[in-house]
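Here is what each chain is made of, one letter per residue.
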Amino acid sequence: MEKILFLISAFLLVWGLRLQSDPPSASKGNKLASVGMLTAIFSAIIMPLEDSFSNLIWILIPLSFSAIAGYLIAKKIQMTSMPQMVSVFNGLGGLSAVLLSYAEINKWINFSDSYDNTVVIILILSLFIGSVAFTGSLLAFAKLDGYKWSEKLTLPLQHIINLIFLAGIVVISYYFLITSDIIYLHTIIAISLVYGVFFVAPIGGADMPVVISLLNSFTGITAALTGIIFGNIVMLLGGILVGAAGTILTILMCNAMNRSLLNVLVGGFSSSGSSQKRKEQGDIKEISDSDFAVQLFYSSKVIIIPGYGLAVAQAQKLCKEIQEILESNDVEVKYAIHPVAGRMPGHMNVLLAEADVDYSKLIELDQANEEFKTTDVAVIIGANDVVNPDAIDDSSSPLYGMPILKVWDSNTTVVLKRSMSAGYAGVQNPLFFKKNNNMYFGDAKDSLQRLSSELKNL
Amino acid sequence: MNEVLNFLIENEILIYLLLFTILLGFEVISKVPSVLHTPLMSGANAISGIVILGAIILIRTTDPSNVYTLILASLALLVGSINVFGGFFVTNRMLEMFNKKKKN
């Protein structure tokens with residue numbers, strides 16, 4: 001019986017995830033996967049086991065508590081906080097794997113006459129990866145939530161220290177295997193937890209899409225490892241699927257920035273070369289509220305390029321409002337989405353969906369670059385590096401080679417920005433000094449508010 | 001080394017399965033459009049909570065007098081299932097948002 005149930009749940013998980021990679025069926029896919037998960041949980045509770053005890057109360061209390069807590073969190077959370085929430089949840093998954101592996105090792109040591117070294121090695125591996133995912137995710141959360149102390153915690157000799165940590169874990173694991181002394185196990189956990197912090201510390205906020213995807217695949221791998229230990233195929237399967245999803249997203253994000261994973265992990269642009277100061281920068285032009293409004297109002301096609309600034313200011317609804325005003329005046333409005341805009345893969349899509357923007361209006365990189373040629377005004381809201389022309393024509397720039405949105409092909413560009421400060425990559429953006437570019441300074445929300453009221457007066 | 005080899009031989013089927021699921025995983029998710037990156041990630045994240053099956057099995061095979069293990073495993077179950085339930089609910093909320101738009 002429970003074997004059939006596990007089979008069904010494995011099928012549902014795979015099929016559900018398959019459907020989730022196609023927009024029209026995605027919602028159904030998620031429901032199928034969650035039914036698969038519930039089936040698996042149910043089967044684990046009823047399956048016959050050797051030497052089992054009736055500890056049902058220990059299962060049902062945490063399970064029902066979490067179901068309620070999970071539901072409430074999911075209902076209350078703001079869409080703008082989605083990256084933070086995903087990283088916290090991911091951290092919890094890591095912590096769960098750590099606790100489980102620890103409990104399992106403890107049981108092997110104390111209550112079993114003979115234990116298999118291979119099993120213990122796999123459990124230690126799961127402990128290690130789980131711990132890194134746990135503290136790494138929490139630090140990623142702190143960075144995403146804008147805690148200043150977390151932004152760039154570069155520690156001296158970081159890479160050497162990390163190597164020493166890794167070597168230390170291997171040596172201590174060896175001692176643990178021969179002595180079974182629990183103190184060694186505690187040391188391994190402690191080092192792994194610290195390692196997780198060191199692992200994420202040098203990575204900057206704008207590289208978070210890569211980090212979250214990577215940590216996500218880590219928790220998947222721990223799930224698969226524990227699946228091997230418990231001889232449970234559904235666990236193995238689920239874990240691998242997550243590991244694969246995380247890995248694919250990691251690769252996609254790295255490609256979108258034209259950087260290697262190693263380059264991201266080592267700590268971003270600082271190490272990737274000299275960001276030389278440009279001499280001939282020229283002047284920037286500021287545009288007034290009314291000029292900006294008039295310009296948009298009499299355009300036939302406007303493309304909006306949203307970035308992290310839009311998310312921080314929570315200005316997505318205002319964005320939609322402006323879109324509607326313009327559309328009622330027969331202006332065609334589209335959104336060009338760069339794959340790494342924002343702080344997690346697909347961040348901008350979720351924000352705009354929350355503001356009820358029809359997703360057929362969102363266009364991806366290649367299509368956008370075609371359409372800029374026929375665009376009157378490209379409005380860049382809180383994005384910077386993804387529209388930096390240096391990526392194409394300055395081979396000394398750290399951004400060189402990154403696929404970007406060629407906004408300057410439009411008739412005019414307007415950049416909404418808080419100040420003239422450089423983007424995450426620490427390089428100035430020559431776009432700002434181009435002849436057909438205008439700057440519109442201020443927090444995205446205030447700026448759009450001003451623009452919106454100006455438009456209504458026309 | 002022998003032990004590792006023995007483990008591999010004993011769990012032959014499991015190892016084959018491991019290899020095939022890795023291939024399957026990449027195949028299933030390889031072509032995902034960027035609209036779905038966030039929901040896919042949070043949905044996959046919820047699935048990684050599948051570790052709680054291990055916690056359930058561990059609780060069920062632990063002698064009730066071994067309270068220490070029971071507490072550890074229950075905690076694992078607690079945090080893991082917040083990930084599971086929260087993840088599925090929030091993914092659902094996001095995807096409904098996408099769907100709503102399509103009908104308009």
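Residues numbered from 1 in each chain as written. Chains lettered and ligands numbered in written order. Predicted model: local features only at pLDDT ≥ 70, side-chain atom pairs only at ≥ 80, totals over all residues. Heavy atoms only, no water.

Draft legend 1. Examining the pattern of salt bridges more closely. Residues and elements named next belong to chain A. Inspection of the entire model under this criterion finds 10 salt bridges over all chains. Notably, a salt bridge pairs glutamate 371 with lysine 301, separated by 2.9 Å at the nearest N-O pair. Of the two residues, glutamate 371 is situated in helix H15 (residues 365-371) and lysine 301 in strand E1 (residues 301-306); the sequence distance between them amounts to 70 residues. Each member of the pair, glutamate 371 as well as lysine 301, is classed as buried. Two residues, lysine 373 and glutamate 370, come together in a salt bridge whose shortest N-O distance is 3.4 Å. We classify lysine 373 as exposed; its relative accessible area is 52%. Take glutamate 370: its relative accessible area is 51%, and that puts it in the exposed class. A single network of salt bridges, built from pairs that share partners, joins Lys301, Glu332, Lys334 and Glu371. (Salt bridge = Lys/Arg side-chain N within 4 Å of Asp/Glu carboxyl O. Helix = DSSP H or I, 4+ residues; strand = E, 2+ residues; numbered from the N terminus. Buried < 20%, exposed > 50% of the residue type's maximum accessible area, 1.4 Å probe, protein only.)

Draft legend 2. Representation of the pairing of strand E2 (residues 332-337) of chain A within the structure. Burial analysis of E2(A) places five of its six residues in the buried class, the great majority of the element. With helix H14 (residues 347-354) of chain A bridging E2(A) and its parallel neighbour strand E3 (residues 362-364) of chain A, the resulting β-α-β unit is right-handed. (Right-handed = clockwise from strand over helix to strand, strands pointing away.)

Draft legend 3. Up close: the interface of chain B and chain A. If you look at the interface, chain B gives 85 residues, while chain A gives 109 residues. When chain B packs against chain A, the two sides together hide about 8900 Å² of surface, and 75% of this comes from carbon and sulfur. Scanning the region where chain B abuts chain A turns up one salt bridge. Measuring nitrogen to oxygen at the nearest pair gives 3.2 Å for the salt bridge that ties Glu96(B) to Lys31(A). At the junction of chain B with chain A, the criterion picks out 23 residue pairs in polar contact (both at pLDDT 80 or more). Sorting the residues of the side of chain B that touches chain A by element identifies helix H1 (2-10), helix H2 (12-29), helix H3 (37-48), helix H4 (52-60) and helix H5 (67-103) of chain B as the ones contributing at least two each. A breakdown of the residues in the side of chain B that touches chain A according to their chemical character gives 51 nonpolar, 25 polar and nine charged. (Contact = heavy atoms within 4.5 Å. Buried area = accessible area lost by both parts, 1.4 Å probe. Polar contact = N/O pair within 3.5 Å; in protein donor to acceptor, adjacent residues only side chain to side chain. Nonpolar A, V, L, I, M, F, W, Y, C, P; charged D, E, K, R; others polar.)

Draft legend 4. Broad picture of the sheet that holds strand E4 (residues 377-381) of chain A. Residue and element names in this part refer to chain A. What the six strands build is an open sheet, ordered E3-E2-E1-E4-E5-E6; its pairing is parallel. Edge positions in the sheet fall to E3 and strand E6 (437-441), since each of these pairs with one other strand and no more. Taken pair by pair, the neighbouring strands of this sheet meet at an average axis angle of 25 degrees, ignoring direction. Inspection of the sheet shows strand E5 (residues 412-417) paired to E6 by five bridges, in the parallel sense. (Pairing = 2+ DSSP bridges. Axes fitted to C-alpha atoms, helices over the stretch in contact; angles between N-to-C directions.)

Draft legend 5. The arrangement of the confidence of the model for chain B in detail. Residue and element names in this part refer to chain B. Residues with a pLDDT of 70 or more make up 94% of chain B, whose mean pLDDT is 85. Element-level mean pLDDT values for chain B span from 78 in H1 up to 93 in H4. Both confidence scores are given for the complex: pTM 0.86, ipTM 0.89. (pLDDT = per-residue confidence, 0-100.)

Draft legend 6. Structural view of H4(B). Taking burial as the measure, the nine residues of H4(B) include nine buried ones, the bulk of the element. Among all positions of H4(B), only Ile52(B), Leu53(B), Gly54(B), Ala55(B), Ile56(B), Ile57(B), Leu58(B), Ile59(B) and Arg60(B) are buried.

Draft legend 7. Structural view of the packing of aromatic side chains. For the coordinates displayed, the defined rule picks out 10 aromatic pairs over all chains. Plain terms: the ring middles of Tyr71(A) and Phe89(B) are 4.9 Å apart, the flat faces sit at 75 degrees to each other, and that makes the pair edge-to-face. Here Tyr71(A) is found in helix H3 (residues 56-76), whereas its partner Phe89(B) is found in helix H5 on a different chain. For Tyr71(A), a relative accessible area of 36% translates into the label partly exposed. The interplanar angle of 20 degrees and the centroid separation of 5.9 Å between the aromatic rings of Tyr175(A) and Tyr184(A) together place this pair among those described as stacked. In this structure Tyr175(A) comes out as partly exposed when scored by relative accessible area, which is 40%. Here Tyr184(A) falls in the partly exposed class, since its relative accessible area comes to 26%. Three or more aromatic residues link up through ring pairs in this structure, and these residues are Phe128(A), Tyr195(A), Phe199(A) and Phe218(A). Above the ring of Tyr308(A), the side-chain terminus of Arg343(A) is found at 3.5 Å from the ring centroid. In this structure, Arg450(A) packs its charged tip against the face of Tyr440(A), placed 4.8 Å from the ring centre. (Phe/Tyr/Trp six-rings, centres within 6.5 Å; stacked < 30°, edge-to-face > 60°. Lys NZ or Arg CZ within 6 Å of the ring centre and 35° of its normal.)

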